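Residue-level listing of the chains:
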Amino acid sequence: PVARHWNRPLLFAVSPALLRPGLNTIHVRLWAYANSRGGLGELRLGPETLLHPQYEQRYFVQTILPQLCNIVVAAFGVFAFALWLKQREALYILFAVFTVLWAIRSLHMFARDIPVNAFYWDIWVQSSFGWCALLFTVLAIRMAGLHWPRFEKVLLAYAVLGPVLMYFSG
């Protein structure tokens, strides 16, 4: 298993005792799962006093802020579910399912050590994005006062077939 840091900035301190006068070489090894956005972002070298504030800002924007937004989205979903329990309006349950699913699927942005095999994790991440898009489409259609049962069945078939095709296509 490989830790996933694709959406997380990293800061490493190098002891000055390891540096020699003249040219120093830093070897960077990168290992990533196939089709999993493996790559290396911009490297910055310098005194920690200069780099740490940049790291903190980037960590806030890429990690903390999305986590806070995710909590808000999940809270909206729980609120919509509570409204649905009281009024049994289909739009409330659609919105609740959409927001909670979106919050759960967004966990891939923060998960460093995944709980399952990377192949299955990637199928989940990609499929759940499609499910959210489909739920959002149905929600928008219903909010417009329309009801297209055939189209919704096609979307449901797509949602079911998507992960199956991903699995068998590798």
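You'll find the structure just up there.
All values reported here derive from a predicted model rather than from experimental measurement.

**Some thoughts on the environment of I71**
For step 1, the next point in the chain: When you line up the elements, I71 lands in helix α1 (residues 48-87).
For step 2, the next point in the chain: By relative accessible area, I71 is classed as exposed at 57%.
For step 3, the next point in the chain: Taking C-alpha positions, I71 is 31 Å from L30, a pair spaced 41 residues apart along the chain.

**Quick look at the environment of V2**
For step 1, the next point in the chain: With respect to the element layout, V2 can be found in the segment before α1.
For step 2, the next point in the chain: Sequence separation between V2 and A17 is 15 residues, and the spatial gap between their C-alpha atoms is 30 Å.
For step 3, the next point in the chain: With near-sequence residues (within four places) excluded, V2 lies in contact with W31, Y33 and R112.

**A few points about the pattern of salt bridges**
For step 1, the next point in the chain: Inspection of every chain in the model, using the stated rule, returns 4 salt bridges.
For step 2, the next point in the chain: Residue D113 is joined to R112 by a salt bridge in which the shortest nitrogen-to-oxygen separation is 2.8 Å.
For step 3, the next point in the chain: Where E152 meets R142, a salt bridge forms, and the shortest distance between an N and an O atom there is 2.7 Å. One end of the pair, E152, is in helix α4 (residues 149-169); the other, R142, is in helix α3 (residues 118-143), with 10 residues separating them in the sequence.

Reading guide: rules and limits
Residues numbered from 1 in each chain as written. Predicted model: local features only at pLDDT ≥ 70, side-chain atom pairs only at ≥ 80, totals over all residues. Heavy atoms only, no water. Helix = DSSP H or I, 4+ residues; strand = E, 2+ residues; numbered from the N terminus. Buried < 20%, exposed > 50% of the residue type's maximum accessible area, 1.4 Å probe, protein only. Contact = heavy atoms within 4.5 Å. Salt bridge = Lys/Arg side-chain N within 4 Å of Asp/Glu carboxyl O.

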